[in-house]
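Listed here are the chains, written in short residue letters.
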Amino acid sequence: MTTSITTIVRDPLVSTSATYEQVNWRSVWNDFPLLKQRVYSKPLAYLDNAATSQKPRAVIEKIEHYYRYDNANVHRGVYALSERATQAYEASRDKVKGFLNAARREEIVFVRGTTEAINLVAQSFARPRLKPGDEILISTMEHHSNIVPWQIVCAQTGAHLKVIPITDSGEVKLDAYRQLLSNRTRLVAIAHISNALGSILPVQEMITMAHTQGIPVLLDGAQAAPHIAVDVQALDCDFYAFSSHKIYGPTGTGVLYGKYSYLDEMPPYQGGGDMISQVSFEQTLYNTLPYKFEAGTPNIAGAVGLGAALDYVDSLGLVNITRREQELLEYATEALLSVKGLRIIGTAKHKASIISFVLDSAHPHDISSILDREGVAIRAGHHCAMPLMDRFGIPATARVSLAFYNSEDDIERLMVGMKHVQALFG
Ligand code: PMP
């Protein structure tokens, strides 16, 4: 098996963005075949984009094309098909590099998703460095994926997990954060955007504060990458994780960005094919970056699909997407606030298009079930953020999460459904 990769055709993300006015925001949903269906004879209003997003035709066709014409294993076959598959896979890495504005393609590691990216950093970066009494700092707003991996590594090493408190509106208390940063802190791991509240954390400021004390920072970008432009060099974050399926790409694929100097000194996360340069029973030499962290046959079609998703996002322009989603956020917030007894959980000044709410009269699951009958898909539950629910003294919220392909019509359908909820529950 050969693992050296010498001839990679680069296909960096070349920005082809339209202007805001050039995009017909009311018709972009045409690009998403699934959105055209009816549910219970009603047009579908898909408002659970924070859980996963729908896929544009360009992504579906790219994956189909890959399996129809190019499928072979990567990095190992010395024949045309394998070279094409390798080329497609590695071209996606270059697109991700461009998308995040990473300094080097070696800093882009393909993983299963945000969850695996964080576990990789916990086990390969944190574990060898942590000693009893050391501390990892997270916020109250974290998804379980950015809590449990740290609890596991703390149990393995005797380190402690410290939690940055938040205000009632869902903003990080920066003074408390400053006080929590100490010479025992080994890593700060925080969400870029909260999946349950929509709060956009002041990550730039928080990174600068941590770096002043030489503390590295991991950003959980699962909710940020699809909605706001991310520049890892400008942020100067040390690790950045995101999932393909939330940014209009396929499931089972994601990205860990890490600064070269850190990734280079980290031991492999998993052993197997492709992550080695030489193996004997006595000794194994590991492959270079990023392959050292990509053991086994990777999700080739997933990476190829992610590349197509990033091209699609780039064709609309992330800046334009952010602007459109802010419009929808304002429209939906105002509409929901007209419902008697409705309380929005998460009213941070800087928010992405996520609205969590509770009603005095109805449980979130009842709200979601009634809306479903109207063809409106929203999420109800703890949103994998149980400690956050505890912070607000509630078991669950109903959550509307919007993408650029949603429209004011979808929000009107939501409001029709909310009228039914009110009629039934008062
Ligand atoms: N972090 C955040 C903020 C999320 O919203 C999610 C997905 N809901 C994750 C991590 C985990 O992502 P995945 O399940 O794709 O690994």
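Computed from a predicted structure; not experimentally measured.

This brings us to the environment of Val-319. Positionally, Val-319 belongs in helix H10 (residues 318-337). Residue classification places Val-319 among the exposed residues on the basis of a relative accessible area of 63%. Expressed as a C-alpha distance, the spacing of Val-319 and Asn-195, which sit 124 residues apart in the sequence, is 20 Å.

Here the focus is H10. Along its 20 residues, H10 runs 28 Å from first to last C-alpha, staying within 8% of the 28 Å computed at 1.5 Å per residue. Among the residues of H10, those classed as buried are Leu-318, Asn-320, Ile-321, Arg-324, Glu-325, Leu-328, Leu-329, Ala-332, Ala-335 and Leu-336.

We now examine the domain arrangement of the chain. According to the domain assignment, the chain contains domain 1 (7-55 + 315-425) and domain 2 (60-310). Computed from C-alpha coordinates alone, the two centres of domain 1 and domain 2 are separated by 26 Å. Taken together, the contact pairs 44 residues of domain 1 with 41 residues of domain 2. As a salt-bridge pair, Asp-168 and Arg-391 come within 2.7 Å of each other at their nearest N and O atoms.

This next bit is on the nonpolar core. Judged by nonpolar contacts, the single largest core of 80 residues is most densely connected at Leu-100, Tyr-240, Phe-242 and Phe-404. No other element matches the 11 residues that helix H9 (residues 300-316) contributes to this core. Taken together, domain 1 (7-55 + 315-425) and domain 2 (60-310) each give at least three residues to this core, which thus spans both. In this structure, Phe-404 is in contact with Trp-25, Val-28, Phe-32, Tyr-248, Tyr-312, Leu-316, Ile-321, Arg-324, Glu-325 and Leu-328, ignoring residues within four places of it in sequence.

As a volume, the largest pocket reaches approximately 330 Å³. Lining the largest pocket are 23 residues; nearest its centre among them are His-143, Ser-145, Ala-222, Gln-223 and Lys-246. Its residues assigned to classes, the lining of the largest pocket shows 6 nonpolar, 12 polar and 5 charged. Two domains each provide a minimum of three residues to the lining of the largest pocket, namely domain 1 (7-55 + 315-425) and domain 2 (60-310).

Let us look at the sheet that holds strand E13 (residues 342-345). Sheet architecture is open: 4 strands sit in the order E13-E14-E17-E16, paired in antiparallel fashion. A single partner strand is all that each edge strand has here, and the edge strands are E13 and strand E16 (379-381). Here the average twist between neighbouring strands, direction ignored, is 30 degrees. Here 4 bridges tie E13 to strand E14 (residues 354-359), and the two strands are oriented antiparallel to one another. When the sheet's bridge partners are listed, Ile-344 is paired in E14 with Phe-357. The sheet strands contacting helix H11 (residues 364-373) are E14, E16 and strand E17 (397-401), and the helix crosses E16 at an angle near 160 degrees.

On to the packing of aromatic side chains. Applying the stated rule across the entire model yields 16 aromatic pairs. With 5.2 Å between their ring centres and 45 degrees between their planes, Tyr-89 and Phe-110 make a pair best called tilted. Taken together, the positions of Tyr-89 in helix H2 (residues 80-100) and Phe-110 in strand E4 (residues 108-111) put the pair 21 residues apart, joining distant regions of the chain. Phe-110 sits in the buried class, given a relative accessible area of 7%. Members of the aromatic cluster, each reached through a chain of ring pairs, are Tyr-20, Trp-25, Phe-32, Tyr-248, Tyr-312, Phe-404 and Tyr-405. Directly above the ring of Tyr-260 sits Arg-104, whose terminal nitrogen or CZ lies 3.7 Å from the centroid.

Cut-offs and rules
- Residues numbered from 1 in each chain as written.
- Predicted model: local features only at pLDDT ≥ 70, side-chain atom pairs only at ≥ 80, totals over all residues.
- Heavy atoms only, no water.
- Helix = DSSP H or I, 4+ residues; strand = E, 2+ residues; numbered from the N terminus.
- Buried < 20%, exposed > 50% of the residue type's maximum accessible area, 1.4 Å probe, protein only.
- Expected span 1.5 Å × (residues − 1).
- Domains from an automatic or database assignment.
- Contact = heavy atoms within 4.5 Å.
- Salt bridge = Lys/Arg side-chain N within 4 Å of Asp/Glu carboxyl O.
- Core = buried A, V, L, I, M, F, W, Y, C linked by side-chain atoms within 4.5 Å.
- 1 Å grid on protein atoms, 1.4 Å probe; cavity = no way out; pocket = protein on both sides within 12 Å on 5 of 7 lines; lining within 4 Å.
- Points joined across faces, edges and corners; volume = space filled by probe spheres on them.
- Nonpolar A, V, L, I, M, F, W, Y, C, P; charged D, E, K, R; others polar.
- Pairing = 2+ DSSP bridges.
- Axes fitted to C-alpha atoms, helices over the stretch in contact; angles between N-to-C directions.
- Phe/Tyr/Trp six-rings, centres within 6.5 Å; stacked < 30°, edge-to-face > 60°.
- Lys NZ or Arg CZ within 6 Å of the ring centre and 35° of its normal.

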